[in-house]
Amino acid sequence: MSQGVHRERFRFDPTIEPRWRKFWAEQGIFRAGRRAGAERRYILEMFPYPSGDLHVGHGKNYFIGDALTRYYVMRGYDVLHPFGWDAFGLPAENAAIKTGTHPRAWTYGNIRESKSSLDIAGVMYDWDREVTTCDPDYYRWTQWLFLLLYRRGLAYRATATVNWDPVDQTVLANEQVDSSGRSWRSGALVEKRELSQWFFRITAYAERLVRDLDRLEGWPEKVKAMQRNWIGRSEGAEVEFAVSGSDDRITVFTTRPDTLFGATFLVLAPEHPLVQKLLAPEKRAAVLAYVEQARRRSEIDRQSLDREKTGVALGATCVNPVNGAEVPIWIADYVLMGYGTGAIMAVPAHDQRDFEFARANGLPIRTVIVPRGESAPPEPEAAFAEDGVMVGSGAYDGQENRAAGKAITQSLEERGLGRPRVTYRLRDWLVSRQRYWGAPIPMLHREDGTVVPVRETDLPVVLPEIEDYLPRGKSPLASSEEFVRAVDPETGAEVRRDTDTMDTFVDSSWYFLRYADARNDRMIWSSDAIRRWMPVDQYIGGVEHAILHLLYSRFITKVLYDEGLVPEDEPFRALFTQGMVQRRVTTPLETRPEGLLAPESLQKALGLPADPLSVPEMRARLRAESHALVEANGTWAAQSGPITMSKSAGNGVPMGPFVREHGSDVARITLLFAAPPENDMEWSDEGVGGAERFLNRIVTLFGDDGAAIARLREAGAATSADLAEDERPLHRRLHATIKKVTEDTEAFAFNTAIAALMELLNDAQRYRANHPEPTALSAEVAWTMCRLLAPFAPHLAEELHAWFGGAGSVFDAGWPVWSEQALLEEAIEIAVQVNGKVRDRLVVPRDTAEADLRERALASEKVRELVGDRSVRKVIVVPGRLVNVVA
RNA sequence: GCCGGAGUGGCGGAACUGGCAGACGCGCCGGACUCAAAAUCCGGUACGGGCAACCGUGUGUGGGUUCGAGUCCCACCUCCGGCACCA
């Protein structure tokens, strides 16, 4: 039997995988605390909502964390890599409404299913620390946290205009409404409602939240920028205007106190509390009509940019504190009650919005800043918003405007009419939800309208069993009289429980802390445990949480820090945002004699006609909807662009069947090799084939040499001194690969780490063509490769490790170390350039001196030929790289 | 409008602090094995020209710095993401 035929027996066989998973679990290799004395590393992927079946898109996220975990385990760290479930939320409730299953049963069923998917995928976690947010042992502490915030004055109840999702029938936080005014979950246009709700005072932490972003060096710039945008810090001043003929004062916020002399009117938001008081009797009807109209107008309308600016005068005036000028007060809906003070001073000459409003309403425009060296603004038909020199501003004339602004603010402050002020766009976090499947808010309402917290010893406030989950604009919990009736812990009187539940983002804003001590039933966690594990060294998740979850988690962590419960005030030292896995959706078209017909679902989705279309027509229509018309063996189909894999799009490749057919290792290599992990990637069957070939080639190369490799390995590693001349390149490649894989893995460059392993494999395969029998060098390559492979193809690595006679697990075998000496290959190739273009190459010893290189380059026939009779003006020598001859 | 990021072969993508552009893989082309196919193996593959060795061009566009630019500087274009009547 020839070698070649023999080798063909060996192929990568996915059925070996379950055995190794069992082995890892039994050995407890991924249990935190296994190396109690070692340096710790906390690696965490964002926990998911348990939606049941996992697809390979989820897989990518978990494989990244798994690869990192395995790498650090091999490096000898004590690694915490836990998992849990963000298990409260609307899908469970909606399923209950639809099918009658209890949300609890539905959720735990999904958790079981998801967990088994993860197990099949071979992703290893420390399951001893699993958390489930809908478990009373967990939400008890979510409620405890609510009480903590309440005690610190950070949870309060207020009546405010809030976002109402008409589809999910609940209120939403600002972060949960996108810029086009739609709910993050349901996609419905939100409405405004005046409601009394619970808020968390995140604005009290606005300054720290924005300032501390600078300390987060391990975070992507992009995410930090998004948080900065969201918090919207803006420096300026408050200025007080006295209302003429009254004791009232209107406080405005401005970022441009330098333009105060140019303020020709004031504008209040229609909801401003002084509106009712200040309006002149003869204006009453017009003003109230306008207020009513503004109230009705949807958020979208109100924010659309090119709308004509509307407003009405109140009929009152006030006094400009710097020049005593009497200026009229207007209301307009371009001024928002929720930002600053809900009132502005309008400076039409220097603010485009005020300019438009002034033009539309015939109000005066007064220039107070001009470009240096000019006497008027350059553009008479627009506001001049740039910096310049003060004019028409009394004592400040001639000054540079920024300096003048500071001086004006200071002078106002001395007179008690203004002060520097920082404003934030960020609003307080609305946490009440009128839904069933969430943590009940642990507060009690007294008859007199005051509230009292549930006693800590009475936690958890357990979700009651109810009959009807249908949202009716009021929490379903209210239907349980048994739940609602409670006793006042202070007076013993009868009180009513709050019937709202908490936003699920509250549940997820602290789960990473609970992992430190997940089974503690006496306190939220012990101080030893939290000190051992926090902060998270590496957090991994989707960029869609850049603001929502990540901002809330930072806030809660800071509160807990202030309370002395966590050792650091930032939860995540480094953040990695992975890209999504996408897949095109192909929908077959029906071929009719008259042309092609799309199925009804597609007609609806793309707005196609119900009648058949000709091929060119169909192509054009599809193209307009970013679809392609494709044809295969006479059948036509519409193909979408790449769409992120999801349950709703129905384009997920389920993990279970894939892993059964190809194995977890193939899935890993496919996902990690295809592109840098931060990029979105398109899933393709060709990629799967490439991954499978790679693993098969490894098996084929080493397949039947296990015993020989084990023997040679024990005899010791190959050192440069023992190597034959033709072995040096492979030896060097081996050490270069160790270095590359090590550095790339730490930098999340898994694609290039795997590419380096492929290069090593290619070289090893070529080497074998000349050395059919295993050698000391090939044994070293095999042994090293199996360990370098372990983070990315752990099952195969473990199998190889056993074949090569390794004891125990490959994850306890240590990470390979490269030798700098081996990297210094003695013969190197030097490029020879003439005028910057490569014209020749020299093979020289590594330590060839500069002068030698220069001489040899000039001696090159090619160079002499190209230089001809010109004189050599300059020769640049970069040792180890190239020589450039300038002629 | 403001902020952040990205433009490299047919495709995904490589390229350390300025130093041989296109690693690795996919796809495609050719060959070996096979009755044949699949699988596997070997070779080729930026573009244009030439039988060829070779020559020319080439990293979104236009300039610049430099012996040398995908990489640095200036001005633009396009795409993606966030914020946006936020005073």
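Residues numbered from 1 in each chain as written. Chains lettered and ligands numbered in written order. Predicted model: local features only at pLDDT ≥ 70, side-chain atom pairs only at ≥ 80, totals over all residues. Heavy atoms only, no water.

A. Structural context of the overall build of chain A. A count of helices and strands for chain A gives 31 helices and 37 strands. Seen through its C-alpha atoms, chain A measures out along the principal axes to roughly 105 × 90 × 75 Å. By residue count, 53% of the 887 residues in chain A fall in the buried class. Of all intrachain contacts in chain A linking residues separated by at least 6 positions in sequence, the fraction that spans at least 24 positions is 71%. Of the roughly 39400 Å² of accessible surface on chain A, 49% is carried by carbon and sulfur atoms. The average position of the 108 basic charges and that of the 127 acidic charges among the side chains of chain A differ by 1 Å. (Helix = DSSP H or I, 4+ residues; strand = E, 2+ residues; numbered from the N terminus. Buried < 20%, exposed > 50% of the residue type's maximum accessible area, 1.4 Å probe, protein only. Contact = heavy atoms within 4.5 Å. Areas by Shrake-Rupley, 256 points an atom, 1.4 Å probe, with all protein chains shown as cover. Lys, Arg positive; Asp, Glu negative; His and termini not counted. Charge placed at Lys NZ, Arg CZ, Asp CG, Glu CD.)

B. A look at the protein's contact with RNA strand B. In the vicinity of RNA strand B lie 52 residues, with T255, K309, R353, R425 and R841 positioned nearest. Here L336 contributes a backbone N or O atom positioned 2.8 Å from a base nitrogen of RNA strand B. In this structure, R881 approaches RNA strand B through a side-chain N or O atom, which is 2.7 Å from a base nitrogen. When residues of the surface near RNA strand B are assigned to their parent elements, the largest contribution, six residues, is made by helix α26 (residues 750–770). Partitioning the surface near RNA strand B into residue classes produces 20 nonpolar, 13 polar and 19 charged. (Near = heavy atom within 4 Å. Polar contact = N/O pair within 3.5 Å; in protein donor to acceptor, adjacent residues only side chain to side chain. Nonpolar A, V, L, I, M, F, W, Y, C, P; charged D, E, K, R; others polar.)

C. A look at the pairing of strand β12 (residues 326–331). When strand β10 (residues 265–268) meets β12, the two strands line up parallel, connected through three bridges. For L266, the partnering residue across the bridge sits in β12 and is I329. Across five bridges, the pairing between strand β11 (residues 312–319) and β12 is antiparallel. For V319, the partnering residue across the bridge sits in β12 and is E326. Taking the residues between adjacent antiparallel strands as the criterion, β11 and β12 are bridged by six residues, where G324 takes a positive phi near 70°. (Pairing = 2+ DSSP bridges.)

D. Structural context of the packing of aromatic side chains. Per the stated rule, a full pass over the model turns up 43 aromatic pairs. Both rings, one in F47 and one in Y511, keep their centres 3.6 Å apart while their planes meet at 0°; by these two values the pair is stacked. Within this pair, whereas F47 is found in the loop between β1 (40–45) and α3 (56–74), its partner Y511 is found in helix α16 (residues 511–514), the two being separated by 464 residues in sequence. Note on F47: relative accessible area 8%, which makes it buried. Exposure remark for Y511: the relative accessible area of 0% places this residue in the buried category. Grouped by ring-pair contacts, the aromatic residues F146, Y150, W184, W198, F200, Y205, W429, F505, Y552 and F555 constitute a single cluster. Lying across the ring of F483, R497 places its NZ or CZ 5.6 Å from the centre. In this structure, R532 is placed above the aromatic ring of W533, and the distance from its NZ or CZ to the ring centre is 5.0 Å. (Phe/Tyr/Trp six-rings, centres within 6.5 Å; stacked < 30°, edge-to-face > 60°. Lys NZ or Arg CZ within 6 Å of the ring centre and 35° of its normal.)

E. Just the sheet that holds strand β21 (residues 485–487), in detail. The strand order β20-β19-β22-β21 describes an open sheet built from four strands, whose pairing is antiparallel. The open sheet has two edge strands, β20 (451–453) and β21, and neither has a second partner. Taken over all neighbouring pairs, the strand axes of this sheet differ in orientation by 45° on average, direction set aside. (Axes fitted to C-alpha atoms, helices over the stretch in contact; angles between N-to-C directions.)

F. How the structure looks around helix α25 (residues 728–746). Its 19 residues place the ends of α25 28 Å apart at the C-alpha level, agreeing with the 27 Å of an ideal helix rising 1.5 Å per residue. Within α25, burial applies to L730, H731, L734, H735, T737, I738, V741, T742, D744 and T745. Contacts from the buried residues of α25 go to α3, α26, α27 (776–789) and α29 (820–823). F748, located one to two residues past α25, shows a positive phi value of around 65°. (Expected span 1.5 Å × (residues − 1).)

G. Layout of the confidence of the model for chain A. For chain A, the average pLDDT comes to 88, and 97% of its residues sit at 70 or higher. Scored by ipTM, the complex comes to 0.95, with pTM at 0.92. (pLDDT = per-residue confidence, 0-100.)

H. Structural view of the pattern of salt bridges. One pass over the full model with this rule turns up 61 salt bridges. The partner of R157 in a salt bridge is D498, with the nearest N and O atoms 3.5 Å apart. Of the two residues, R157 is situated in strand β5 (residues 155–165) and D498 in the loop between β22 (494–497) and β23 (501–502); the sequence distance between them amounts to 341 residues. The buried category is assigned to D498, whose relative accessible area is 3%. R228 serves as the salt-bridge partner of E221, at 3.8 Å between the closest nitrogen and oxygen. Classification of R228 by relative accessible area gives partly exposed; the value is 29%. Salt bridges linked by common partners bring R208, R211, D212, R215, R554, K558, D562, D569 and E570 together as one network. (Salt bridge = Lys/Arg side-chain N within 4 Å of Asp/Glu carboxyl O.)

I. Main features of the sheet that holds strand β32 (residues 643–644). Taken in spatial order, the three strands line up as β32-β26-β33 in an open sheet, and their pairing is mixed. If you trace the sheet from one side to the other, it starts and ends with β32 and β33 (681–682), each paired once.

J. Region of the structure containing unusual backbone geometry. The omega torsion across L459 and P460 is -5°, close enough to zero to call that bond cis. A cis amide bond links M534 with the next residue in sequence, P535, at an omega value of -5°. With respect to the secondary-structure elements, P535 resides in the loop between α17 (527–533) and β24 (538–542). Phi angles above zero are rare outside glycine, and F748 is one such case at about 65°.

K. Fine view of the packing of helix α22 (residues 664–673) against helix α28 (residues 794–803). Across the interface, α22 lies against α28 with an axial gap of 7 Å and an inter-helix angle of 125°. Classified by the angle between their axes, α22 and α28 sit oblique to one another. In contact with S664, D665 and R668 of α22, α28 contributes P794, H795 and L796. Taken together, the residues that form the contact of α22 with α28 break down as two nonpolar, two polar and two charged. (Parallel < 35°, antiparallel > 145°, perpendicular 65-115°, else oblique.)

L. The arrangement of the environment of W815 in detail. Within the secondary structure, W815 sits in the loop between α28 and α29. Taking the relative accessible area as the measure of exposure, W815 reaches 9% and is therefore buried. Taking the C-alpha atoms as reference points, W815 and R787, 28 residues apart in sequence, are found 6.6 Å from one another. A distance of 2.9 Å separates polar atoms of two side chains, one belonging to W815 and the other to T742.

M. The arrangement of the nonpolar core in detail. Grouped together as the largest cluster of nonpolar side chains are 179 residues, with contacts concentrated most on W429, Y511, F555, F694 and F792. Setting aside residues up to four positions removed in sequence, F792 forms contacts with A67, D665, R668, I669, L672, V741, T745, F750, A753, I754 and L757. (Core = buried A, V, L, I, M, F, W, Y, C linked by side-chain atoms within 4.5 Å.)

N. Representation of the pairing of β11 in the model. Examined bridge by bridge, strand β8 (residues 234–243) and β11 share two bridges and lie antiparallel to one another. Across the sheet, A242 pairs through a bridge with V319, a residue of β11.

O. Looking closely at the environment of R296. Position of R296 relative to the elements: it lies in helix α10 (residues 284–296). When its relative accessible area of 64% is taken as the criterion, R296 is described as exposed. Residues R296 and V863 lie 567 residues apart in sequence; the distance between their C-alpha atoms is 81 Å.

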